[in-house]
Amino acid sequence: MTNQKDKKQQVIIIGGGPGGITAAIQLKRYGLEPLLLERRELGGLLWNANLVENYPGFPNGVRGEKLIGLMRKQLTRIGVEIEREEVERVDWKQNHFTVVTQHAVRNTQYLIVASGTKSKPLPNMISPEARSRVFTEVWPLLGEVGKRIVIIGAGDAAFDYALNLSKKRNNVTILNRGETVKCLALLFDRAAQEARIRYRAGVAVSRITLDETATSLKVQCEAETVEADHVLFAIGRVPNRDFLSEEVRQRELELVEAGRLYFVGDVKNELFRQVAIAAGDGLRAAMQIYSRMTNENFSEDR
């Protein structure tokens, strides 16, 4: 690990999705110098979004990838500092946060956690040799053309992923172990009109293996086996908070109430995971931090 102990930042933001990006933009407008830490590419779950239709200013909707590009341009134009680093641990000691990555140790008085969610762990039904072809995010498959893809799930994500993948001549089968569809009626209707998407209810998957030729997957169900090139699980997500130390977890409410710790976007919003909500969370956090900084400086000057 590079020794950069005691490197002080005004505000550190963990996560480069819409919430973290919006917070960084607003802090920069105030003349502050936030540091945005993102382990992968900017955009968060927007990379999985086929079409965002409820974000103001885009009357015909906007593809997730395009919206990410616009946000990235804005960050570049105003000069937000971005580091491609994964946060391994966050501690609270001696009245400041210590943010540890593989490359540096940084301290800050204000921390915005915009780390989003992560997929639920894959079930044990997948054989070891088949795991390299099984995914929980759609973005690694967006370059595939003319493949057979099985999606397991029945929520918004499953149908949105199917619509996205079908645009490149992939044949998609959605398997729902129950009978109830949990997605928006709008998404279900669109999928039903797409010839390359097949939806099947009441089909429980028991095992996923690689076939004898190692060229395709066998998705074993109760009454049949479905062949696929890839399998995509869309079975839910959980908040990505593993990097928070026990000390931070125990003092979380205290730190939030003290205006030192802010959770924004999907990491706190449970079912209400929307781009506009995350952006609003990020904007509010930035405004609250600036207000607190201003009041503290005023108190010190008196």
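Analysis parameters
Residues numbered from 1 in each chain as written. Predicted model: local features only at pLDDT ≥ 70, side-chain atom pairs only at ≥ 80, totals over all residues. Heavy atoms only, no water. Helix = DSSP H or I, 4+ residues; strand = E, 2+ residues; numbered from the N terminus. Buried < 20%, exposed > 50% of the residue type's maximum accessible area, 1.4 Å probe, protein only. Contact = heavy atoms within 4.5 Å. Areas by Shrake-Rupley, 256 points an atom, 1.4 Å probe, with all protein chains shown as cover. Lys, Arg positive; Asp, Glu negative; His and termini not counted. Charge placed at Lys NZ, Arg CZ, Asp CG, Glu CD. Phe/Tyr/Trp six-rings, centres within 6.5 Å; stacked < 30°, edge-to-face > 60°. Salt bridge = Lys/Arg side-chain N within 4 Å of Asp/Glu carboxyl O. Pairing = 2+ DSSP bridges. Axes fitted to C-alpha atoms, helices over the stretch in contact; angles between N-to-C directions. Expected span 1.5 Å × (residues − 1). Arc of directions from axis to C-beta. Core = buried A, V, L, I, M, F, W, Y, C linked by side-chain atoms within 4.5 Å. Patch = residues over 30% accessible without salt bridge, like charges linked within 9 Å, V, L, I, M, F, W, Y side chains within 5 Å.

1. Topic: the overall build of the protein
Next up, step 1: The helix and strand inventory of the protein stands at eight helices and 17 strands.
Next up, step 2: Looking at the protein as a whole, 48% of its 302 residues qualify as buried.
Next up, step 3: Restricting the contact set of the protein to residue pairs at least 6 apart, pairs at least 24 apart contribute 65%.
Next up, step 4: Split by element, the accessible area of the protein, about 15,600 Å² in all, is 47% carbon and sulfur.
Next up, step 5: Computed over 43 positive and 38 negative side-chain charges, the inter-centroid distance for the protein is 3 Å.

2. Quick notes on the packing of aromatic side chains
Next up, step 1: Scanning the model with the defined rule gives six aromatic pairs in all.
Next up, step 2: A centroid spacing of 5.6 Å and a plane angle of 85° characterise the contact between phenylalanine 188 and tyrosine 199, whose relative ring orientation is edge-to-face. Here tyrosine 199 lies in strand β11 (residues 197-201) and phenylalanine 188 lies in helix α4 (residues 185-192), a separation of eleven residues in the sequence.
Next up, step 3: Residue phenylalanine 188 is classed as partly exposed on the basis of its relative accessible area of 28%.

3. Overview of the environment of isoleucine 13
Next up, step 1: Along the chain, isoleucine 13 falls in strand β1 (residues 7-14).
Next up, step 2: Taking the C-alpha atoms as reference points, isoleucine 13 and lysine 147, separated by 134 residues in sequence, lie 38 Å from one another.

4. Some words on the pattern of salt bridges
Next up, step 1: Tallying each qualifying case throughout the model produces 15 salt bridges.
Next up, step 2: A salt bridge links glutamate 252 to arginine 241; the shortest N-O distance between them is 2.5 Å. In this pair, glutamate 252 is assigned in helix α6 (residues 252-257) and arginine 241 in the loop between β16 (237-239) and α5 (246-250), connecting sequence segments eleven residues apart.
Next up, step 3: Linking arginine 251 and glutamate 247 is a salt bridge whose minimum nitrogen-to-oxygen distance equals 3.3 Å.
Next up, step 4: Residue classification places glutamate 247 among the partly exposed positions, given a relative accessible area of 33%.

5. A word on the sheet that holds strand β14 (residues 225-228)
Remark on secondary structure: sheet strands pair via backbone hydrogen bonds, oriented parallel or antiparallel.
Next up, step 1: An order of β12-β13-β14 is seen for the three strands of this open sheet, with the pairing classed as antiparallel. The sheet is open, and its two borders are formed by β12 (205-210) and β14, each paired with just one other strand. Here the average twist between neighbouring strands, direction ignored, is 20°.
Next up, step 2: Pairing of β12 with strand β13 (residues 217-221), which is carried by five bridges, proceeds in the antiparallel orientation. Note on β13: the bridge partner recorded for valine 205 is cysteine 221.

6. Here's the deal with helix α2 (residues 64-78)
Next up, step 1: With 15 residues, α2 should cover 21 Å at 1.5 Å per step; its first-to-last C-alpha distance of 22 Å lies within 8% of that length.
Next up, step 2: Every buried residue belonging to α2 is among Gly64, Leu67, Ile68, Met71 and Leu75, and all of these are buried. Considered in projection along α2, the buried side chains sweep an arc of 100° and stay on one side of the axis. Opposite its buried face, α2 presents the exposed residues Lys66, Lys73, Thr76 and Arg77, each directed more than 90 degrees away.
Next up, step 3: One or two residues past the end of α2 sits glycine 79, with phi positive at roughly 80°.

7. A few points about the nonpolar core
Side chains of nonpolar character tend, in soluble globular proteins, to be buried together.
Next up, step 1: Formed by 30 residues in total, the largest nonpolar core has its most connected members in Val11, Ile13, Leu27, Leu46, Leu75, Ile112 and Ile289.
Next up, step 2: In this structure, Phe135, Val138, Phe159 and Leu163 belong to the second largest nonpolar core, which totals 19 residues.

8. Looking at the sheet that holds strand β9 (residues 148-152)
Next up, step 1: Taken in spatial order, the five strands of this open sheet run β8-β15-β9-β10-β11, and their pairing is parallel. Only two strands of the sheet have a single partner each, and these edge strands are β8 (134-135) and β11.
Next up, step 2: Direction of pairing for β9 relative to strand β10 (residues 171-176): parallel, over a ladder of five bridges. The residue bridging isoleucine 149 from the neighbouring strand is valine 172, located in β10.
Next up, step 3: Across the sheet, helix α3 (residues 156-166) is in contact with β9, β10, β11 and β15 (230-233); its angle to β10 comes to roughly 170°.

9. A look at a nonpolar patch on the surface
Next up, step 1: Among the surface-exposed residues, Leu271, Phe272 and Ile277 lie close enough to one another that they form a single nonpolar patch of about 360 Å² accessible area.
Next up, step 2: What makes phenylalanine 272 exposed here is its relative accessible area of 58%.

10. Side note on the pairing of β14
Next up, step 1: Residues of β14 alternate between two faces, with Val226 and Ala228 buried on one and Thr225 and Glu227 left unburied on the opposite face.
Next up, step 2: Of the strand pairs in this sheet, β13 and β14 are connected by four bridges, and their pairing is antiparallel. Bridge pairing in β14 links leucine 217 to alanine 228.
Next up, step 3: From the end of β13 to the start of β14, which pair antiparallel, there are three residues.

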